[in-house]
Each structure stands twice: as C-alpha cells, then as structure tokens.
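Each chain, letter by letter, is given below.
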Amino acid sequence: MADEVTVRIAGSFREIDPSDWATLSGTSRAGPGYNPFVSHAFLSAMDESGSAVAETGWMGHHLLLEEDGRLIGAVPCYLKNHSQGEYVFDHGWADAYQRAGGRYYPKLQASVPFTPATGPRLLVRQGEDVERVSGLLAEALSQVTRKMGASSAHVTFLPQGELPSLTDANFLHRTDQQFHFINRGYADHEAFLAELSSSKRKNLRKERRAAVENGIIIDWLTGGDLTEDIWDQFFRFYIDTGSRKWGRPYLTRSFYSLIGERMADDVLLVMAKRDGRYVAGAINFIGADALYGRHWGCIEDHPFLHFEVCYHQAIDFALSKGLARVEAGAQGEHKLARGYEPVTTHSAHYIAHPGLRRAVADYLEHERREVAQISDYLGEHTPFRKGDRQPREGEEFDG
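Predicted, not measured: the structure shown is a model, and the values here were computed from it.

Novice: In this structure, what is going on with the nonpolar core? I would like to understand it.
Specialist: Note that soluble globular proteins tend to have their nonpolar side chains buried in a common cluster. The biggest cluster of nonpolar side chains holds 47 residues, and the ones touching the most others in it are Y256 and I259. Counting only elements with at least two residues in this core, the list comes to α2 (40-48), β4 (70-75), α8 (228-246), α9 (253-262), β11 (267-274), β12 (277-286) and β13 (290-298). Broken down by element, the residue count for this core peaks at six residues, all from α8. Counting the residues that make up this core, at least three belong to each of domain 1 (5-177 + 343-381) and domain 2 (184-323). V279, I286, L319 and L336 belong to the second-largest nonpolar core, a separate cluster that totals 36 residues.

Novice: I would appreciate a short explanation of the pairing of strand β14 (residues 325-330) in the present structure.
Specialist: Each regular strand shows side chains that alternate between the opposite faces of the sheet. Looking at chain direction, strand β9 (residues 172-182) and β14 are connected through four bridges and run antiparallel. Within β14, the residue paired with Q178 across the bridge is A330. As defined by bridge partners, β13 adjoins β14 across three bridges and the pair is classed as parallel. Each residue of the ladder has a partner; that of Y292, found in β14, is E327. Note on the crossover from β13 through helix α10 (residues 305-321) to β14: the handedness is right-handed.

Novice: Looking at this structure, I do not really get the pairing of β12. What am I missing?
Specialist: Of all ten residues making up β12, nine are buried, and the element is well covered by its neighbours. As defined by bridge partners, β11 adjoins β12 across eight bridges and the pair is classed as antiparallel. Of the residues in β12, the one forming a bridge with V270 is A282. Count of turn residues in the β11/β12 antiparallel hairpin: two residues, of which D275 carries a positive phi of about 55°. Note that β12 and β13 share seven bridges and pair antiparallel. In the sheet register, I283 faces β13, and the bridge partner there is H295.

Novice: What is the right way to read the side chain of Q177 from this model?
Specialist: Topologically, Q177 is positioned in strand β9. Note on Q177: relative accessible area 15%, which makes it buried. Apart from residues lying up to four places away in sequence, Q177 is in contact with P342, V343, T345, V371, I374, S375 and L378.

Novice: Would you mind showing me how to read the packing of helix α7 (residues 198-211) against α10 here?
Specialist: Relative placement of two packed helices is described by the angle separating their axes and the distance separating the axes. It is at 9 Å that the axes of α7 and α10 come closest, and there the two elements cross at 115°. With respect to the hand of their crossing, α7 and α10 are arranged in left-handed fashion. Facing α7, whose interface residues are L204, E207, R208 and A211, α10 presents L305, F307, E308, H312, Q313 and D316.

Novice: Would you explain the sheet that holds β4 in this entry?
Specialist: Paired through their backbone hydrogen bonds, the strands of a sheet run either parallel or antiparallel. Read from one edge to the other, the open sheet built from four strands follows the order β1-β3-β4-β7, with strand pairing classed as antiparallel. Two strands bound the open sheet, and with one partner strand each, they are β1 (5-10) and β7 (123-124). As judged from the two bridges shared by β4 and β7, these two strands associate in the antiparallel manner. For G73, the partnering residue across the bridge sits in β7 and is V124.

Novice: How should I be thinking about unusual backbone geometry in this particular structure?
Specialist: Residues other than glycine predominantly adopt negative phi, and peptide bonds predominantly adopt the trans conformation. Residues Y105 and P106 are joined by a peptide bond in cis, for which omega reads 10°. Assignment of secondary structure puts P106 in the loop between α3 (91-99) and β6 (107-110). In this structure, F157 takes a positive phi of about 55° despite not being glycine. Relative to the assigned elements, F157 resides in the loop between β8 (152-156) and α5 (163-168). Phi angles above zero are rare outside glycine, and N170 is one such case at about 75°. Here N170 lies in the loop between α5 and β9. Classification of N170 by relative accessible area gives partly exposed; the value is 45%.

Here is what the cut-offs are and how they apply
Residues numbered from 1 in each chain as written. Predicted model: local features only at pLDDT ≥ 70, side-chain atom pairs only at ≥ 80, totals over all residues. Heavy atoms only, no water. Core = buried A, V, L, I, M, F, W, Y, C linked by side-chain atoms within 4.5 Å. Buried < 20%, exposed > 50% of the residue type's maximum accessible area, 1.4 Å probe, protein only. Helix = DSSP H or I, 4+ residues; strand = E, 2+ residues; numbered from the N terminus. Domains from an automatic or database assignment. Pairing = 2+ DSSP bridges. Right-handed = clockwise from strand over helix to strand, strands pointing away. Contact = heavy atoms within 4.5 Å. Axes fitted to C-alpha atoms, helices over the stretch in contact; angles between N-to-C directions. Left-handed = near helix turned anticlockwise from the far one by under 90°.

Rendered as structure tokens:
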C-alpha cells in the first residue's frame with residue numbers, strides 16, 4: 001500500500017463527519033448514483049437506534065482510507081460473531097471450518113445490515129482515481145482481516161464493477177439471484193401490462209382488483225407524511241409479521257424515527273387502509289434511479305394484498321417518478337409472474353485459511369454455474385409476450 005495512505009477504523013458512524021462521508025460517490029443525494037443505504041443518515045441510524053451494534057452482533061469496524069489526512073475512500077464494515085441478517089448464506093462454511101477445528105467467528109462483513117440490495121461497497125471520493133482507490137480498499141480489507149486474525153471478509157451485494165478490485169486482492173466471486181422490475185420507458189402500469197401475454201395480463205388485472213375489493217384504499221406516504229403516529233402503526237405491522245417470519249425482528253422502533261428525521265424524502269411507505277385504519281404496509285427507499293422494496297407487515301390478512309402493496313404499487317410509483325427499476329428484496333420466484341425479471345447479484349469473499357479457501361472456491365465454481373443455469377431457465381418463463389423481449393444496447397437480461 002502506498003506510504004502516504006493510511007487506514008483508520010471507526011467503530012461507529014458517530015466518529016465519522018457526515019460532510020466527509022458525503023464526498024464519497026453514491027452517498028449523497030446531491031451527487032451521482034445516490035444509494036440511500038450507504039448514506040450517513042441510514043448507516044448512522046442503524047448505529048444510534050441499537051439495530052446494528054455490538055450487542056446484536058454487528059460491531060462497527062468501518063474502514064476509512066485517508067491520504068495526507070483527507071478521506072479518499074471507505075468501506076462500511078462490521079465485525080460479526082454470527083451470520084444472521086446478511087442474506088448471503090455462509091453457515092455451511094462456518095460449520096465445516098469449526099468441525100475441522102478452526103474458528104470462523106469473528107469475521108468481517110462489508111455490507112449494509114439487514115439489507116439485501118445492491119449498492120457501492122468500495123466507496124471512493126468523487127474526483128479520485130476509482131481504480132486506484134478501489135484497489136487500495138480491497139487490499140486494506142484483506143490486510144485488516146489477517147492482522148485481526150479473523151477467518152474471512154465478506155463483501156455482499158456489490159456492483160459487478162467492483163469485482164475486479166476484489167478478485168485482484170484474492171477475494172472469491174459468488175453469485176446469487178434476485179428479481180427486479182425493469183422500466184423500459186413505460187408510460188404507466190397499463191403500458192407495462194400491454195407487454196405481457198394476454199393470459200398473464202388478465203391474471204394480474206384480476207389480482208389487483210381482488211386485493212382491494214374488501215374496501216381497501218392504498219396510500220403513498222413520504223416526506224412530511226411520515227409522522228410518529230404513522231411510524232407507530234407501521235412498526236406494529238413490522239413486529240407482528242417479523243416475529244412470525246424471523247423470530248426476532250432486527251430493527252428497533254427508534255430506527256424508524258431516525259430515518260424519518262434524516263431522510264424522509266428518501267422513504268416511501270405504501271399503506272393499506274380499511275374502515276379508516278391502516279392494516280398493512282411496506283417500506284421502500286428511493287434512490288437516484290431505483291426504488292428499493294425492503295419489508296412489509298400486516299395486522300389483517302387479505303387475499304393478494306401482499307402482492308399489491310409490495311410489487312404492483314412499487315411499479316406504479318417507479319413509473320410515476322421515472323425510476324429505472326424496482327429491486328424488491330431477496331428471493332421470491334412468485335415475483336416472476338408479476339413482471340419482475342431474474343438478475344444476478346454478486347458478492348466477494350476473502351478466506352484467510354488456505355484449506356478453507358480451496359474448499360470454498362470449489363463450491364463457488366459449481367454454485368455460479370447453477371445460478372447461471374437457473375437464471376437462463378427463469379428468463380425463458382417471464383410473463384412477457386414471446387418475441388417481444390430483446391435487450392437494449394448495453395442491457396443484459398441476467399443483470
């Protein structure tokens with residue numbers, strides 16, 4: 001690493017000046033390619049709310065790359081003693097290593113806690129040489145991992161363009177799959193539906209009618225609409241559904257208050273009302289060119305309401321704002337029938353122990369082939385009319 005460059009570790013976003021952080025690409029609404037999940041507002045809310053802290057197994061270990069005392073790059077990073085809340089599963093690696101007598105935890109996790117959304121991980125100051133600084137950050141991650149005696153470092157849901165810097169630093173490449181809605185210049189939801197086969201179009205129209213036939217009204221709430229009373233109601237949905245799904249929801253009530261204070265214009269709640277009270281809702285985050293669906297909850301069950309609130313309404317909003325895509329979270333082949341297409345997601349993994357690295361590398365080689373085969377298969381079973389789906393210049397169906 002260059003002599004004039006130093007690496008500093010910050011244990012909390014309280015130690016990082018928001019104005020310094022905002023100089024990094026993708027972190028500021030005023031800059032290009034804004035991704036709300038790497039903003040200081042979002043990540044500091046994770047800290048200050050007690051959602052991603054040492055007590056929950058997410059100890060802040062953020063890498064700050066400085067040159068002549070000036071921040072030129074960073075990696076939001078956590079020291080972890082478990083593999084929960086990551087959505088890229090390595091429990092099998094941990095079990096195998098520990099059965100062989102190794103100690104898998106702690107490990108370094110370069111990610112946004114509880115957020116399976118692709119976004120920048122090797123953050124580079126605007127105006128800096130991206131290739132140079134990205135390479136320094138990747139090398140810093142591997143060096144910190146070895147110096148700490150950690151088993152591994154994991155960079156998850158990163159853009160494909162960041163992979164070369166990490167593979168050059170001996171990180172292993174892993175792929176997985178999500179389903180995203182791609183806006184190809186549709187004027188509105190009806191224009192999108194017109195691209196589907198007649199049977200799929202008919203089914204989705206019927207589904208949308210059925211979702212609201214019990215007197216349900218859908219509201220979009222953002223900015224000043226996000227009052228503490230609204231957050232109380234949404235948190236009730238989150239706790240009710242999250243407790244059944246995960247056992248213990250990850251996010252605290254104060255997290256929602258903090259994002260409401262700091263980034264309300266970047267948040268969209270899609271809320272379903274019946275008989276004058278809200279009964280379900282989904283939270284989304286608004287980026288420069290994408291809407292990111294995160295989680296939903298409800299206190300009443302209604303047929304198809306989940307699909308309406310989480311998927312159809314997200315498409316409506318994205319089209320109304322001219323956003324390029326909707327990323328609707330992890331997993332879910334049921335999204336395919338609703339116009340969401342398979343895309344490939346990427347992660348990179350540094351394994352310190354040579355034997356474990358060889359075993360993981362072999363596993364990932366097979367897994368990448370399997371992911372590609374599944375993506376090709378699903379790509380042939382989208383609801384679009386056959387023959388109509390041709391990629392535009394620079395576009396690939398698999399992301």
